[in-house]
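# Structural characterization, general
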Amino acid sequence: MSDLLKTIGSMVVAAGLTLVSASMPATAAEKEKAEDGSRIEFGINEYSDLPARPHMVSAFTLKELSTTADHSKFKELQGPFKSGPEVTKACLSCHNKAGQQLRNNVHWTWEYTHPVTGQKLGKERLINNFCTNARGNEGMCAQCHAGFGRTSPDYDLDKVENIDCLACHESTGKYYKLPPTRGNKACAVMFEGKKPIDWAKTAQSVKMPGRNNCGMCHFYGGGGDNVKHGDLSSVLYDPPKDVDVHMSRDGAKLVCIDCHVGSGHKWAGSRYNMTVGDSGKRPAGAPRTKATCTSCHTDSPHNSTSITGIKLNGHVDKVACESCHIPAFARGGVATKIFWDWRTAGRLKNGEGYREEGYIQGNGKPRHTYKSIKGSFKYGENIRPVYRWFNGVMRYTTIDTRFDPSKPVQINYFSGSYDDPKSRIYPFKKMRTFQPYDKGNNTLVYMHLWGDDKDAFWGNYNFARAIARGMKDNGIPYSGEYGFVETWSWWPINHMVAPKEKAVQCEECHTRENGRLADLGGFYMPGRDRWWWLDLLGWLAIFGALALVVVHTIARIVMKNRYGAAPEGKE
């Protein structure tokens, strides 16, 4: 790794580029602050200063899946190793089925065929409304690929020796991956200056996956800590109980694989095709194909000896557990991105890109509110979810989907309704973005963002060239004219489960004033809705009851006056 860093460094210096990272002294330009608080931008630094990643494995996992081997003693792992693929070859010499098991896993292929809609999905195909597209930008995005050396869409998936076993199994918490290709000056080289990886020591540390492994990618998707999902952030490496009662040391002490379990390198849970309702109880960590709350808690989780518990159990068939037990997301001090405006990208100061840090999140760290390579951002914390009917089936706007640009384009959208027995009221994060599209064909576009060439947007700040190159490289028809369109994406909220004492209370939904379900239609909800005929029946019942009381009282008085008082003891 030391030789690799030196080689990359010499290549960049030879090209006359400037290297900047959080682990190196800043350049003079980096130190200089403009009056408006902006800084000259010479690098993507969101990933260069990652927090410590403790390898937490739950008590259940250790008890039920206790290891029978100490990998530090294996002669195959003593090294020396010069690269990750050399480590993988050593791993596969014993785990001789693992390569073919992972060969068809979405973490390796980046491709997925939806079993319901038939859509061809996966990072290799989809466009999102964050950094837009991984396809063609593998040189940057492949840091979160479960393999080594993925630099383009024509990556050889049959070379299983390029599978990265360490990404999921090392337990040092110090593992990192360099971008497999070099970016422009606007990006520099990330992680420059970090200590070289000790491949042998890292290989000897392998264990069942902990939060440090899953979180290294899933907490930082979309361009930084908690940017994309809203309920997956670095806080979950070691969260307090108030943030996540399942993952906390003071709670259930669970880790990702306690719910996302499986076999043969296939794990329960999917963002593309979710299960929002399940029945039956299986112990945490037991083999399953679904990762749902009811897998452990059953579909009658509340106290059935109380009226409140019985009523709450009656909600399970229409309300997802997450809707009540995750009152807000982006908790614990790490903000999530809620708005991204690509229209402002490309602004320069003194001929250079720059960044502004106009938001301080709850843990005191600043977040970028503008970057020349990406545009303007807005963040939020402790956000109340948006609620929608959802049956688990997600549909996507793909590169060949034509749309009406006069209204927001939904990058992904969902099926579900009150009348659908598979649907539940589900919590979502809603992400808004203005991003480029093909103005002539009314389709989304692939942009060439990363690369050491004249067409990469993260270097030349030229949308026209970046889009033309991205579309041409992927053989997609392009009109040659681009514009910007508003897009929405919906992110189901599943993590950051609060203690039961902090669950959503009945009156937060069953109310007419700013209720959580105020804009969710298609059904009648007591306390929120008014139907004139139902109100009329209610008032008639009330007045009828009052009338009966009045008539009864008058009758008693009349009868008493007519016949006099009843004899003592006879009334």
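This one's a predicted model, so the numbers in the text were calculated from it and none came from an experiment.

### Observations regarding the overall build of the protein chain
On a plain count of helices and strands, the protein chain comes out with 17 helices and 18 strands. Considering the protein chain as a whole, with its 571 residues, one finds that 47% of them fall into the buried category. Nonlocal contacts in the protein chain, meaning residues at least 24 apart in sequence, comprise 71% of its contacts between residues at least 6 apart. Surface exposure of the protein chain reaches about 28,300 Å², of which carbon and sulfur atoms provide 54%.

### Quick look at the pattern of salt bridges
Opposite charge on two side chains allows them to pair when their charged atoms are near. The final tally for this structure, using the stated rule, is 20 salt bridges. In this structure, the salt-bridge partner of Arg-125 is Glu-111, at a minimum N-O distance of 3.9 Å. Here Arg-125, found in the loop between strand E3 (120–121) and helix H7 (138–141), pairs with Glu-111, found in the loop between helix H6 (106–109) and strand E2 (112–113); they are 14 residues apart in sequence, far enough to count as distant. Of the residues examined, Arg-125 reaches a relative accessible area of 35% and is grouped as partly exposed. Between Asp-453 and Arg-469 there is a salt bridge; the shortest N-O distance is 3.5 Å. With a gap of 16 residues between them, Asp-453 in the loop between strand E17 (443–444) and helix H15 (457–460) and Arg-469 in helix H16 (residues 463–473) connect regions that are remote in the sequence. Since its relative accessible area comes to 25%, Arg-469 is described here as partly exposed. Connected via shared salt-bridge partners are Asp-453, Asp-455, Arg-465, Arg-469 and Asp-473.

### Things to note about the packing of aromatic side chains
Two measures describe an aromatic ring pair: the distance that separates the ring centres and the angle between the ring planes. In total, this model carries 32 aromatic pairs according to the counting rule given. Pairing Phe-130 with Trp-491 gives two aromatic rings, centres 5.7 Å apart and planes at 70°, and the pair type is edge-to-face. One end of the pair, Phe-130, is in the loop between E3 and H7; the other, Trp-491, is in strand E18 (residues 482–492), with 361 residues separating them in the sequence. Since its relative accessible area comes to 0%, Phe-130 is described here as buried. For Trp-491, a relative accessible area of 14% puts it in the buried group. With a centroid separation of 6.1 Å and 80° between ring planes, the pair formed by Phe-457 and Tyr-461 is classed as edge-to-face. Comparing Phe-457 with Tyr-461, the two get one shared label, buried. These aromatic residues form a ring-pair network of at least three members: Phe-130, Trp-340, Trp-342, Phe-377, Phe-457, Tyr-461, Phe-463, Tyr-482, Phe-484 and Trp-491. Above the plane of the ring of Tyr-354 lies Lys-349, whose end atom (NZ or CZ) is 4.5 Å from the centre. A cation over a ring is seen here: Lys-378 above Phe-339, with NZ or CZ 5.4 Å from the ring centre.

### Re the pairing of E18
In terms of residue burial, E18 counts as a mostly covered element, since 8 of its 11 residues are buried. Where strand E14 (residues 409–410) meets E18, 2 bridges bridge the pair, whose relative direction is parallel. Note on E18: the bridge partner recorded for Val-409 is Thr-487.

### Observations regarding H16
Listing the buried residues of H16 in full gives Phe-463, Ala-466, Ile-467, Gly-470 and Met-471. Viewed along the axis of H16, the buried residues span an arc of 120°, placing them on a single side of the element. Each element contacted by the buried residues of H16 is listed here: strand E16 (424–438), E17, H15 and E18. At the N-terminal boundary of H16, the capping side chain belongs to Asn-462, with an oxygen 3.1 Å from the backbone nitrogen of Ala-464.

### Quick word on the nonpolar core
The tendency in soluble globular proteins is for nonpolar side chains to be buried side by side. Core analysis: the largest hydrophobic core is formed by 35 residues, its most contacted members being Trp-340, Trp-342, Met-447, Phe-457, Trp-458 and Phe-463. Those elements giving two or more residues to this core turn out to be strand E11 (375–380), E16, H15, H16 and E18. The biggest single contributor to this core is H16, with 4 residues. Aside from chain neighbours lying at most four places away, what touches Trp-340 is Asn-129, Phe-130, Cys-131, Gly-222, Lys-374, Ser-376, Phe-377, Met-431, Arg-432, Thr-433 and Phe-434.

### Comments concerning unusual backbone geometry
Pro-80 follows Gly-79 through a cis peptide bond whose omega is 5°. Residue position: Pro-80 is located in the loop between helix H3 (59–64) and helix H4 (84–94). Despite not being glycine, Asn-442 shows a phi value in the positive range, around 55°. Tracing the backbone shows Asn-442 in the loop between E16 and E17. Its relative accessible area of 24% is what places Asn-442 among the partly exposed residues. Although it is not a glycine, Asn-514 adopts a positive phi angle of roughly 55°. Note that Asn-514 resides in the loop between E18 and helix H17 (532–563).

What counts as what
- Throughout this description, residue numbers start from 1 for each chain and increase along the sequence as written.
- Per-residue local features are limited, in this predicted model, to residues with pLDDT of at least 70; the limit for side-chain atom pairs, both in listing and counting, is 80 or more; totals at the level of whole chains, interfaces and linings are taken over all residues.
- Neither water nor hydrogens contribute to the side-chain values; these are computed over all heavy atoms in the structure.
- Each helix corresponds to a stretch of at least 4 residues labelled H or I by DSSP, and each strand to a stretch of at least 2 residues labelled E; elements are numbered beginning at the N terminus.
- Whether a residue is buried, partly exposed or exposed follows from its accessible area with a 1.4 Å probe, protein chains only, as a fraction of its type maximum: under 20%, in between, or over 50%, in that order.
- It only takes one pair of heavy atoms within 4.5 Å for two residues to be counted as in contact.
- In these tables, accessible area is a Shrake-Rupley quantity obtained with a 1.4 Å probe, and a residue counts as shielded only by the protein chains included in the view.
- What makes a salt bridge here is a side-chain nitrogen of Lys or Arg within 4 Å of a carboxyl oxygen of Asp or Glu, nothing more.
- Two aromatic rings from Phe, Tyr or Trp, using only the six-membered ring of Trp, form a pair when their centres are within 6.5 Å; if the ring planes differ by under 30 degrees the pair is stacked, by over 60 it is edge-to-face, and anything between is tilted.
- Either the NZ atom of lysine or the CZ atom of arginine qualifies as a charge over a ring when it sits within 6 Å of the ring centre and within 35 degrees of the ring normal.
- Note: two strands are recorded as paired if DSSP finds a minimum of 2 bridges between them.
- The directions considered for the arc are those from the helix axis to the C-beta atoms.
- Distance and chemistry together define a polar contact, namely a pair of N or O atoms within 3.5 Å, with one atom able to donate a hydrogen and the other to accept it when in protein, and with adjacent residues in sequence counting only for side-chain atoms on both sides.
- Nonpolar core, defined: a set of buried Ala, Val, Leu, Ile, Met, Phe, Trp, Tyr and Cys residues in which side-chain atoms within 4.5 Å join the residues together.

So, to be careful, I would describe these as geometric facts and stop short of saying anything about function.
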